[in-house]
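The lines below spell out each chain.
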Amino acid sequence: MSTEPLLWAITGLTMTAIVLRPWGLPEAIWASLAVLALIVFKLIPPSQVLPGVARGYDVYMFLAGMMTLAELGRRQGVFDWLAAHAGRAAAGSGRRLFLLVYLAGTLVTVTLSNDATAVVLTPAVYAVARAVDAPPLPYLFICAFVANAASFVLPVSNPANLVVFGANMPSLAHWLALFLLPSLGAILATYFALRYLLRTDLPAAIRADVDTPGLTPAGRLTVGALAGTAAVLGLASAYGIELGPVTLAAAGVALLLTAARGGGNPIALLRSLSWDVLLMVAGLFVLIETLQQHGVVAALAAQQQQLQAAVPSMANQLTGTILAVACNLVNNLPAGLLGAATLDHLAAPMPLRAAALIGIDLGPNLSVSGSLATILWLAMLRREGVQVGAWQFLKLGAIVMPAGLLAALLLLQVTS
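Cut-offs and rules
- Residues numbered from 1 in each chain as written.
- Predicted model: local features only at pLDDT ≥ 70, side-chain atom pairs only at ≥ 80, totals over all residues.
- Heavy atoms only, no water.
- 1 Å grid on protein atoms, 1.4 Å probe; cavity = no way out; pocket = protein on both sides within 12 Å on 5 of 7 lines; lining within 4 Å.
- Points joined across faces, edges and corners; volume = space filled by probe spheres on them.
- Helix = DSSP H or I, 4+ residues; strand = E, 2+ residues; numbered from the N terminus.
- Nonpolar A, V, L, I, M, F, W, Y, C, P; charged D, E, K, R; others polar.
- Axes fitted to C-alpha atoms, helices over the stretch in contact; angles between N-to-C directions.
- Left-handed = near helix turned anticlockwise from the far one by under 90°.
- Contact = heavy atoms within 4.5 Å.
- Buried < 20%, exposed > 50% of the residue type's maximum accessible area, 1.4 Å probe, protein only.

Here we come to the layout of surface pockets. If you add up the space inside the largest pocket, you get close to 780 Å³. Along the walls of the largest pocket sit 34 residues, with Val119, Ser274, Leu376, Met380 and Arg383 positioned nearest its centre. Put simply, the parts of the chain that give the lining of the largest pocket at least two residues each are α2 (27-40), α4 (57-75), α5 (78-89), α7 (114-131), α14 (276-293) and α19 (372-383). The leading source of residues in the lining of the largest pocket is α19, at seven residues. Residue classes in the lining of the largest pocket are distributed as 21 nonpolar, four polar and nine charged.

At their nearest, the axes of helix α6 (residues 94-112) and helix α10 (residues 172-197) sit 12 Å apart, and the two run at 150° to each other. Crossing of α6 against α10: the hand is right-handed. Contact residues: Arg95, Phe98, Leu99, Tyr102 and Thr106 in α6; Ile187, Thr190, Tyr191, Leu194 and Arg195 in α10. When the residues that make up the contact of α6 with α10 are grouped by side-chain class, the tally is six nonpolar, two polar and two charged.

Quick look at the side chain of Asn161 now. Structurally, Asn161 can be placed in helix α9 (residues 159-165). On the basis of relative accessible area, Asn161 is assigned to the buried category, the value being 0%. Not counting the four nearest positions on each side in its chain, Asn161 is found in contact with Ser151, Phe152, Leu154, Pro155, Gly166, Met169, Trp175, Leu357 and Asp361.

Our focus in this paragraph is the environment of Leu226. Structurally, Leu226 is set in helix α11 (residues 217-238). The exposure class of Leu226 is buried, given its relative accessible area of 11%. Between the alpha carbons of Leu226 and Ser367 there is a distance of 30 Å; along the sequence they are 141 residues apart. Filtering out sequence-adjacent residues up to four positions away, Leu226 remains in contact with Leu69, Val78 and Leu112.

Geometric descriptors of this kind do not, in isolation, establish any biological role.
Listed below in structure tokens is the structure:
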């Protein structure tokens, strides 16, 4: 009897539970139950679980470092300070505020990852919108969409980038040569599409007198640490050094330095982080390892080869589009893991891998289930008492995502 239907059933149920969180149980619980089910039904031997988990060590370190830096910035008021300056610079214009929040979201995503934008910028933007008497939701949507649109400017802009490229990560110079133009296309197309769709919701006039909080010495040090981390990660990318250990080390140094300047108890900060996210990701790595052992990756690789043979001139773009849609069915992290395993099986050339990455990074702008960043964004909204329905998001995403994806894939043809 084929084990494939059972394996796909476990995969589908796991991803549905991670997105919907039945009974309010954390995502990590469902990922752990999936691993247990794989063992119970003998889909993976227990001896292969730890090797499957170990495959994601670089991603775990990267996520741990970025979560630490993001929480450090939040506690020191860096993101509130950034958003408040955007509110003051808007000078009473709701439309100008939209642009400035979009630029702030782009900056945070590029340098600190899309998850940081969702987790720490979203509450700051909500606070500023309330302070200037503007409806918060149009500005909050920016945090969700730009978190994905700007997520492949640099390798550090999205954990999925590390997943897709893995050991094949290009140097920073090669990355920028390949992705800078498509990234700009995606960022601009997303901005104009979102700006047009929300045009009637943006107030013409808002309050101009926004209080801008000052930064403590520890806060100023945090700004320097974030900028220094971005520079160090750029150098690591340029020299082909794995980004996970570098990110974690930079976060550790920043944490100790700010604590020495009165920035609070570092142990308390570390305890507040959502470490269960790492457990969830580890479970997904085991799930993908199981799919690979059961020949699913080989089957997908064969289908990819057929696609390339049938439409060689459009195969890369079609692959990116298929993966963009798949992200909304199973979330972009498992889609990225499965896509990366398939590309590794094929020893895929760089243009194909780049198109796949663009689909995985931009596809989640279609629906609320597309990426971890969007799920985190929804959680932040709930904390502020703001509710966004799946249909409400989809009505925007059905226009915004294809616009950004089309722009990026077309410009990729130029750079690759």
